[in-house]
Amino acid sequence: MGLTDALNDRQKEAVLTTEGPVLVLAGAGSGKTRALTYRIAYLIGEKKVDPWNILAITFTNKAAAEMKTRVNDLVAFGAESIWVSTFHSMCVRMLRRYADRIGFDTSFTIYDADDSKTLMHQLIKSLDMDPKQYKEKGVLADISSAKNELITPEEFARQNAGDYRKMQIGELYTAYQDQMKKNNAMDFDDLIGHTVHLLETDREVREYYQEKFRYILVDEYQDTNTAQFRLIELLAGKYKNLCVVGDDDQSIYKFRGANIYNILNFEREYPGAKVIRLEQNYRSTQNILDAANGVIAHNEGRKEKHLWTQEGAGSRVRFCVYDTGRDEAEAVVKDIEKAVQEGTPRKECAVLYRTNAQSRAIEEACVAHDLPYRLVGGVNFYQRMEIKDILAYLKTIDNAVDDLAVQRIINVPKRGIGQTTINKLVVFGSANDMSFYDACRHATYIPGMGKAAAKVEQFVEEMEKYRQMADEEPLEDLIRAILKETGYQAELEAEGTVEAESRLQNLEELISKAVDFEKNKAEDVSLKDFLEQVALVADIDTVDPDADRVFLMTLHSAKGLEFEHVYMVGMDDGLFPSYRSIVDDDRDEVEEERRLCYVGITRAKRELLMTSARSRVINGETRYNKPSRFVEEIPDSVLTRNDESYGSYGSSFRSGDSYDGSYGNSWKSGNSFGRSRGDGEDSYGDGYSSWGRSRGGSSYGDSYGSGRGGASYGDSYGSSRGGQQAGSSFGHGHYGSVAYLERQEGLSQDVFDKKKPAKKKTENVYVTGKQLAASGKKQLDFQVGDRVKHVKFGVGTVAEIKEQPTDFQVTVDFDEAGTKKMYAQYTKLEKQ
DNA sequence: CGGTCACCAGTTTTT
DNA sequence: CTGGTGACCG
């Protein structure tokens, strides 16, 4: 069978054109990943290219992982020697090898955004600048933009001579880079920038990689920034077998430095580049594509594309206006319930919004309707306080060169070492050109330390003990020892709040990550390796594909995903497009929002509902908006809207209908649901969710709690502000009904009685399915002696089951992988 | 040194 | 409306 049989002509072209620069303009849903993976398979299988000579770059770990898997499935051998990696991990890999050539130690540490903030905060203070005027976040944003454009501190200063504020920021930029070098640290932007610098200045290294990477592929090319562009240019400099895949219409990351001209000017930068357009869409109905095409056509300066499909027209796109944001949320949830009842899996429904703050209204409606949902986005696992604390301990134990890490934990839990003492240590350290930790070791020699010196000494002794331990004991034991002996765990346990409980659960999860890590690695895994891996992981991607829940996420997060039913809420002019983009002189701002709208529309496979609210509370104030201009840009031929009859058809209302008034004002003012045709066939007048279908037999309440995932909706609640939902492996109805009911009540209370502190709030907590397991311990469906199957380790026999307060520890003798201990909560063991 | 209260700012996000 | 921060007081 020919490899390319499964491809259309354009895709084939993208696969077969292996030599020279190629730009693949891949419209949404046009089979871009397919083309990319087949291209790799073709290179190896047909062109006999050594896998070792191939580099495939993506933006996210998830995309990299997916590509690896798919290539692996297509290629007979050698897939593991292909570099399939993100920009950042590729750079780390190169820098770990050659950073010494640009003045860093190859053991450099990687700073995340928080680390950078802490450092910048210190610098602003030490340079005597007004922290009100120079906020670390803003300063860092300016610096980041500069780095994305490969502007050095010197150049920055030169460019901004005359602008006082900018010059001050330039000072900070210089100081920041100096300090980073002293700390032997790099931030995420530096990883790219320093690699570019390395390749530019070191001919040997450059030629090595140019020779190695004869074939380069870049995914999501429209998201690259100038530094990344330059990096690719350097790597592809010799062979120029560069294939970039992207869609200028889906460029939505300008705010983080993406340069849309990288794709628009590709042909200019790479003369003779072959341009291939993938316009056949395999995802959506023609009506949805027409809507998308209609909207995006309003942008100027784009590569003309026209999506089409062999599928039929499908349903029309719907647009509904409600009186308030709450009505809108209710209506959307009702529509989803209806869809679910008609057979659409919940996980095939997604509610998309412009800003994270909008999730709250939807969440509340979901909870009120017992609709299981999964919130995507917000603060990620490794940025949670407790996780960062323990990682800071591990960093301190590992090599203590990261001053920020040491300072973070020196008084956590409280050791009576206050800011004054820390300041003295910092001063002493920098005066004597030693690290903060070394300063701690010399605490007794520091004048004016007094009683604090003994405490600092005590701290150093503790750390030294752990250092010893790290060499001899498994990671798990080390982390548990830290938690126990420092009193960190005890402190959380003493708190007794839901929040503290969830932090403990998060720590358990970290431990299980460490255990996993040690199990999967070869002999000598070091603490360093673990920290390395953790540094570049943005998200513990444990989204359980089985969990059947509605997705809630921002339009940005939705990129690359697809759903049967898509709900774009908050289609208000001023919210989307945002007010800022409308008033901005730069037309491009609205164009970026329009691209975002295009991305949202093209996520939908079958049904698309857009909604808007006449009044909406944003930041505590009520705002009144018109429908989004983007709605007006959708061709009438594919759009059904219910807002045009505003005021004229109020009387066509069937006010006696079944609703109990919970939507209050939307009924009274309810002009919104009237419609011109009063022929009775339509049931528009009576509610949100009918839309010309018969309502026969629909009763929303039926499905409550009875579905498979019925018990698990609560997973997501409580993370409404910034909680990343990691998903649960327990959405299968293992809970007893008692536990479920408790959960339900607890949550409802929490939602509707927010002002009463009676129930502990659980906001801003990383809530995982594990917590649910803690409230109703999962029953095991196997016992000692049973044969079970594990995803990674294969089949084995259960040797021992130990019951623990919140979980079962299961020991399994695997046929191939040996004996492993694992927690039932964290591991899916299937009875054979 | 640590806790409480008033004030302020407030898109989108990956690594 | 909220969360994060800084000043002030015990």
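None of these values were measured; they are calculated from a predicted model.

(A) Just the overall build of chain A, in detail. Summing up its helical and strand segments, chain A has 32 helices and 21 strands in all. Residues counted as buried form 55% of the 832 residues belonging to chain A. The contacts in chain A between residues at least 6 apart in sequence include a share of 76% that link residues at least 24 apart.

(B) Representation of the pairing of strand β6 (residues 215-218) within the structure. Burial of β6 is two-sided: the residues Tyr215 and Leu217 facing one way and the residues Ile216 and Val218 facing the other way are all buried. By the bridge criterion, 4 bridges tie strand β2 (residues 54-58) to β6 in an arrangement that is parallel. By the bridge assignment for β6, Ile57 is matched with Val218. Two elements, β6 and strand β7 (residues 242-246), share 3 bridges in a ladder whose sense is parallel.

(C) Summary view of the side chain of Glu337. Along the chain, Glu337 turns up in helix α15 (residues 325-341). In this structure Glu337 is buried but unpaired, with Lys334 as the nearest side chain of opposite charge at 4.7 Å. Side chain to side chain, Glu337 and His369 meet in a polar contact 3.3 Å long.

(D) Looking closely at the packing of helix α21 (residues 452-472) against helix α22 (residues 475-485). Here α21 crosses α22 at 155 degrees, and the two axes come no closer than 9 Å. Relative to α22, α21 is oriented roughly antiparallel. When the axes of α21 and α22 are compared, the crossing they make is right-handed. Counted together, Lys465, Tyr466, Met469 and Ala470 of α21 and Asp477, Leu478, Ala481, Ile482 and Glu485 of α22 form the full contact between these two elements. Considering only residue class, the contact of α21 with α22 consists of 6 nonpolar, no polar and 3 charged.

(E) Layout of the pattern of salt bridges. The tally for this structure, following the rule as stated, stands at 56 salt bridges. With a closest N to O distance of 2.9 Å, Glu13 and Arg10 form a salt bridge. With Glu13 and Arg10 both in helix α1 (residues 9-16), this residue pair falls 3 residues apart, about one helical turn. In this structure, Arg641 engages Glu632 in a salt bridge whose closest nitrogen and oxygen atoms are separated by 3.1 Å. The class of Arg641 is buried, set by a relative accessible area of 13%. With a relative accessible area of 45%, Glu632 lands in the partly exposed category. A network of salt bridges, in which partner residues are shared, links Arg283, Glu311, Glu348, Glu562, Glu564, Lys605 and Arg606.

(F) Local environment of the pairing of strand β10 (residues 349-353). The buried count for β10 comes to 5 of 5 residues, which makes it a mostly enclosed element. Here β10 shows no split at all, with Cys349, Val351 and Tyr353 on one side and Ala350 and Leu352 on the other all buried. As paired strands, β10 and strand β13 (residues 563-568) are joined by 4 bridges and run parallel to one another. Within β13, the residue paired with Cys349 across the bridge is His565. Pairing geometry for β10 and strand β12 (residues 550-554), over 4 bridges, is parallel. Within β12, the residue paired with Leu352 across the bridge is Met553.

(G) View of the sheet that holds β2. Read from one edge to the other, the open sheet built from 6 strands follows the order β3-β2-β6-β7-β1-β8, with strand pairing classed as parallel. Strands with a single pairing partner mark the edges of an open sheet, and in this sheet they are β3 (83-86) and β8 (274-278). The average undirected angle you get between the axes of adjacent strands in this sheet is 15 degrees. Across the sheet, α1 touches β1 (22-26) and β8, and the angle it forms with β8 is around 145 degrees.

(H) The confidence of the model for chain A, seen in detail. For chain A, mean pLDDT is 78; residues scoring 70 or higher make up 77% of the total. Low confidence marks residues 646-774, where pLDDT is under 50. Its contacts with residues over four positions away, or in another chain, come to 256 contacts.

(I) Summary view of the environment of Lys147. One can find Lys147 in helix α6 (residues 136-148). In this structure the C-alpha to C-alpha distance between Lys147 and Arg415, which are 268 residues apart in sequence, comes to 39 Å. Beyond its immediate sequence surroundings of up to four residues, Lys147 is in contact with Tyr173, Tyr176, Gln177, Asp187, Asp189, Asp190 and Ala227. Within the structure, the side chain of Lys147 is placed 2.9 Å from the side chain of Gln177, a separation counted as a polar contact.

(J) Seen up close, unusual backbone geometry. With an omega of -5 degrees, the peptide bond running from Val412 to Pro413 counts as cis. With respect to the helices and strands, Pro413 occurs in the loop between α18 (403-409) and α19 (419-431). With an omega dihedral of 5 degrees, the bond running from Phe576 to Pro577 counts as a cis peptide bond. Here Pro577 shows up in the loop between β13 and α27 (579-583). Not every positive phi belongs to a glycine, and Lys48 is a case in point at roughly 55 degrees. On the secondary structure map, Lys48 appears in the loop between α2 (32-45) and β2. The exposure class of Lys48 is exposed, given its relative accessible area of 64%. You will see that Asp370, though not glycine, has its phi angle at about 55 degrees, which is positive. Take Asp370: it is sitting in the loop between α16 (359-368) and β11 (373-375).

(K) Local environment of the packing of aromatic side chains. Applying the stated criterion to the full structure yields 13 aromatic pairs. A ring pair is formed by Trp83 and Phe213, whose centres lie 5.1 Å apart and whose planes are at 65 degrees; its orientation type is edge-to-face. Residue Trp83 is located in strand β3, and its partner Phe213 is located in the loop between α10 (203-212) and β6; the two are separated by 130 residues in the primary sequence. Relative accessible area serves as the criterion here: at 7%, Trp83 is assigned to the buried category. Judged by centre distance (4.9 Å) and plane angle (75 degrees), the rings of Tyr208 and Tyr209 are edge-to-face. Here the aromatic residues Trp83, Tyr98, Tyr208, Tyr209 and Phe213 are joined through ring pairs into a cluster of three or more. Directly above the aromatic system of Trp52 lies the positively charged group of Lys212, at a separation of 3.6 Å from the ring centroid. The side chain of Arg256 reaches across the aromatic face of Tyr253, ending 3.5 Å from its centre.

Procedures and definitions
- Residues numbered from 1 in each chain as written.
- Chains lettered and ligands numbered in written order.
- Predicted model: local features only at pLDDT ≥ 70, side-chain atom pairs only at ≥ 80, totals over all residues.
- Heavy atoms only, no water.
- Helix = DSSP H or I, 4+ residues; strand = E, 2+ residues; numbered from the N terminus.
- Buried < 20%, exposed > 50% of the residue type's maximum accessible area, 1.4 Å probe, protein only.
- Contact = heavy atoms within 4.5 Å.
- Pairing = 2+ DSSP bridges.
- Lys, Arg positive; Asp, Glu negative; His and termini not counted.
- Salt bridge = Lys/Arg side-chain N within 4 Å of Asp/Glu carboxyl O.
- Polar contact = N/O pair within 3.5 Å; in protein donor to acceptor, adjacent residues only side chain to side chain.
- Axes fitted to C-alpha atoms, helices over the stretch in contact; angles between N-to-C directions.
- Parallel < 35°, antiparallel > 145°, perpendicular 65-115°, else oblique.
- Left-handed = near helix turned anticlockwise from the far one by under 90°.
- Nonpolar A, V, L, I, M, F, W, Y, C, P; charged D, E, K, R; others polar.
- pLDDT = per-residue confidence, 0-100.
- Phe/Tyr/Trp six-rings, centres within 6.5 Å; stacked < 30°, edge-to-face > 60°.
- Lys NZ or Arg CZ within 6 Å of the ring centre and 35° of its normal.

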